[in-house]
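Summary of the model geometry
Listed below are the residues making up each chain.
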Amino acid sequence: MAYVYDDQNVFAKILRGEIPNDTVMETEHSLAFRDIQPQAPVHVLVIPKGPYVCYDHFASDASDAEIVDFNRTIAAVCKQEGVQADGYRIISNAGDAGVQEVPHLHIHVLGGRGLGRMLQPAR
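Residues numbered from 1 in each chain as written. Predicted model: local features only at pLDDT ≥ 70, side-chain atom pairs only at ≥ 80, totals over all residues. Heavy atoms only, no water.

**Re the nonpolar core**
Cut-off, in case you're wondering: Definition of nonpolar core: a set of buried residues of the types Ala, Val, Leu, Ile, Met, Phe, Trp, Tyr and Cys, connected through side-chain atoms within 4.5 Å. Burial status follows relative accessibility: with a 1.4 Å probe on protein chains alone, a residue under 20% of its type maximum counts as buried, one over 50% as exposed, and anything between as partly exposed. Working definition: helices are DSSP H or I runs of at least four residues, strands are E runs of at least two. Numbering for both runs from the N terminus. Should any heavy atoms of two residues lie within 4.5 Å, those residues are counted as being in contact.
Core analysis: the biggest nonpolar cluster contains 17 residues, and V44, V46 and V109 have the highest contact counts within it. Elements supplying a minimum of two residues to this core: β1 (23-26), β3 (42-48), α3 (64-80) and β5 (107-111). Residue contributions to this core peak at four residues, all from α3. With residues up to four places along the chain from it excluded, the contact list for V109 reads V42, H43, V44, V46, I74, V77, C78, R89 and I90. Ranked by size, the runner-up nonpolar core spans seven residues in total, among them F11, I14, F33 and L45.

Given below as structure tokens:
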């Protein structure tokens, strides 16, 4: 599949400094910041700085350095935010069926309370 990246999405604007954010961590290839509508006491978004639409786009096209940096940033955020001991959830939505609202890869790191079941059984 050919991915088309929209450089006017909100995360691209955040990366360019056009929209402020509450930065938690920044590395050479990644940015982590607090979600403006948190769904848990800890709700941090981790995004790559490169123009990737979703996780499979990133996993197939990103450089090894970007992939390692992104995954290690997620781990560092979990440690820094103190969610490792009691547990956490990471979520990445992709496409319409996955209810992806921003067409830039982003991982939600959620924790700080019981999160319940992720999905209800299909009926």
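**Some details on the pattern of salt bridges**
To be explicit about the condition: In what follows, salt bridge is the name for a side-chain nitrogen of Lys or Arg lying within 4 Å of a carboxyl oxygen of Asp or Glu.
If you walk through the whole model with that rule in mind, you get four salt bridges. A salt bridge links R16 to E18, with the shortest nitrogen-to-oxygen separation between them at 2.8 Å. E18 gets classed as partly exposed once you look at its relative accessible area, which sits at 48%. In this structure, E81 and R34 form a salt bridge, with 3.0 Å as the shortest nitrogen-oxygen distance. Placement of the pair is E81 in the loop between α3 and β4 (88-91) and R34 in strand β2 (residues 30-34), with a sequence separation of 47 residues. Note on E81: relative accessible area 18%, which makes it buried. Among the residues examined, R34 registers a relative accessible area of 33% and is labelled partly exposed. Connected through salt bridges with shared partners, the residues D22, R34 and E81 form a single ionic network.

**So, the sheet that holds β2**
Hydrogen bonding along the main chain pairs the strands of a sheet, whether they run parallel or antiparallel. This is how it is decided: In this scheme, strands are said to pair when DSSP sees at least two bridges between them. To obtain an axis, a line is fitted to C-alpha atoms, over the contacting stretch when the element is a helix, and the angle between two such axes runs from 0 to 180 degrees between their N-to-C directions.
Reading across from one edge, β1-β2-β3-β5-β4 is the order of the five strands in this open sheet, with antiparallel pairing throughout. Each having just a single partner strand, β1 and β4 make up the two edges of the open sheet. Recorded for the sheet is a direction-independent mean angle of 20 degrees between the axes of neighbouring strands. Two strands pair when backbone bridges link them, and β2 and β3 are joined in this way by five bridges, in the antiparallel orientation. Paired with F33 across the bridge in β3 is L45. Of the strands in this sheet, β1, β2, β3, β4 and β5 are in contact with α3, which crosses β3 at around 165 degrees.

**Describing α3**
Under the convention used in this document: To estimate the expected span of a helix, count its residues, drop one, and scale the result by 1.5 Å.
Across its 17 residues, α3 extends 24 Å between first and last C-alpha, which sits within 8% of the 24 Å expected from 1.5 Å per residue. Structurally, α3 contributes buried residues whose contacts are with β1, β2, β3, α2 (55-61), β4 and β5.

**Side note on the packing of aromatic side chains**
Stated precisely, the cut-off is as follows: Each aromatic pair joins two rings of Phe, Tyr and Trp (for Trp, the six-membered one) with centres within 6.5 Å, and gets the label stacked for planes under 30 degrees apart, edge-to-face for over 60, and tilted for any other angle.
Taken as a whole and judged by the stated rule, the model has four aromatic pairs. Summarising the aromatic geometry, the rings of Y52 and F58 are spaced 5.2 Å apart at their centres and angled 80 degrees between planes, so their arrangement reads as edge-to-face. Given the relative accessible area of 8%, Y52 is considered buried. Note on F58: relative accessible area 0%, which makes it buried. Members of the aromatic cluster, connected to one another through ring pairs, are Y52, Y55, F58 and F70.

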